[in-house]
Amino acid sequence: MVEAVIVRKAYRFRVYPTSDQETRLLQWESALRYLWNLAHEQRCLGLARPRDERRYYTAFEQIGELKALRAELVWLSDVPRNVCAQLLIELDKAWQRCFKRLGRKPRWKRKGRDFLGLTEPHPKVWRLRGSVLRFPKLGNLRMVLHRPTEGTAKTCTLRREGDQWFASLVCESEVADALPRTSPVVALDRGVINVVADSDGKITPSPRYYERALKRLARAQRAVSRRKKGSNNRDKAKLRVARLHRKVRRQREHVIQTLSHIYAKNHGTVVVEKLNTTGMIKANRGLSRGILDAGWGRLVQCLRYKLAWAGGQLVEVPAHYSSQTCSSCGAVDAASRRTQSEFCCTTCGYCDHADLNAAKVLKARANRSCQPTEASGLPCRRSGKVSLRVPRRPSQSSAL
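In this text, all values refer to a predicted model and were calculated from it rather than measured experimentally.

(A) Here's a closer look at the packing of helix α1 (residues 19-47) against helix α5 (residues 81-99). At a minimum axis distance of 10 Å, the contact between α1 and α5 shows a crossing angle of 40°. The pairing of α1 with α5 is recorded here as oblique in orientation. As α1 packs across α5, the resulting crossing turns out to be right-handed. For the pair α1 and α5, the contacting residues are Leu32, Leu35, Trp36, Ala39, His40, Arg43, Cys44 and Leu47 in the first and Val83, Cys84, Leu87, Leu88, Glu90, Leu91, Asp92, Trp95 and Phe99 in the second. A per-class count over the contact of α1 with α5 returns 13 nonpolar, one polar and three charged.

See below:
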């Protein structure tokens, strides 16, 4: 009997608020930024106390104080109450990631740099009827529904990107659990010149969208520096820079989504090298721009959840000396990597493209690290995900 699982998918659509609605949304964004910084300061002050007097605020404690704060600040009370409460829950999750050493300490939100989303977590408060989205206290928002949604809608988030607004809808659907498929197996070698090179012999060159846009970005940023601070012309110049960055980001996302879809659809197991991308960016500033432009981390993230939907798996193997190892004889020699694209083994004379050779080495390492419990010869280890604590209402005995 095939078991059913709950799958959550997010759908992103463009919305077109009126001028009055956009003004109100901008006011809400400023109010939420103030609320985030205020709640963040309360947590920092609680942790700065002496050890025996230290106070760890929870999300429910801060949500309980929200009623008095909204009664005092009229402009904050205009924001829907559920949106404010959800923001405090997101702040609590950020602190949990910090305590579990999964991320850095939450930072202060600054105007012009951090754009907060307005999340309505209760599906009975907002409605989606055709191509019209009804959001609390805003009314109807015209939306471009370019594809149908699947499942039951749960949450709705309004987010701004420059001068454009988008709605992200999270839907839950109960589907049959995908049958595990383990073959065919492919290994991917990520690079800067080539986005990926797989063990099947396919190479995808990097389009380098960010590098192509550097001249236009430099020109637009010089225009910002020449404008008077606080003027409308400076805001227009900053908007041009934001549009250029948004275009590059969307182009990169399109390439990553297309590649991950192809590999997740046609392969049961995808092998990638386990890299500390953050450490590589900090250690080598000259290489950091190419790594970020290629989207190494985002590619692995997309492959992980798309393979899970299709019944496949993502396997990470050690990356040490993969570019200097011969896939034919296994000899390791730095002299074998003659150029960026040429690999010729100094021991056996095997010659191949350097990225393709590295992909074959990664595939061989995955086959050696697996336990031969099945005839398919697949790695039996799956990457685990650390679950964060769900904020719960404290009992009366444990309340401070």
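(B) A look at the sheet that holds strand β11 (residues 269-274). In space, the five strands of this open sheet follow the order β10-β9-β8-β11-β12, with mixed pairing throughout. Each end of this open sheet is capped by a strand with a single partner; those strands are β10 (203-205) and β12 (313-318). Ignoring strand direction, the axes of neighbouring strands in this sheet form an average angle of 25°. Relative to strand β9 (residues 194-198), strand β8 (residues 185-190) runs antiparallel, the two being bridged by three bridges. Paired with Arg190 across the strands is Val196, a residue of β9. Contacts from helix α12 (residues 354-369) reach β8, β9, β10, β11 and β12 within the one sheet, and its direction differs from that of β8 by about 130°.

(C) Fine view of the side chain of His267. Among the secondary structure elements, His267 is positioned in the loop between α8 (232-266) and β11. Among the polar contacts listed, one links the side chain of His267 to the side chain of Asp200, at a separation of 3.4 Å. Contacts of His267, omitting those with residues within four sequence positions, involve Arg181, Pro184, Val185, Val186, Asp200 and Leu307.

Criteria and cut-off values
- Residues numbered from 1 in each chain as written.
- Predicted model: local features only at pLDDT ≥ 70, side-chain atom pairs only at ≥ 80, totals over all residues.
- Heavy atoms only, no water.
- Axes fitted to C-alpha atoms, helices over the stretch in contact; angles between N-to-C directions.
- Helix = DSSP H or I, 4+ residues; strand = E, 2+ residues; numbered from the N terminus.
- Parallel < 35°, antiparallel > 145°, perpendicular 65-115°, else oblique.
- Left-handed = near helix turned anticlockwise from the far one by under 90°.
- Contact = heavy atoms within 4.5 Å.
- Nonpolar A, V, L, I, M, F, W, Y, C, P; charged D, E, K, R; others polar.
- Pairing = 2+ DSSP bridges.
- Polar contact = N/O pair within 3.5 Å; in protein donor to acceptor, adjacent residues only side chain to side chain.

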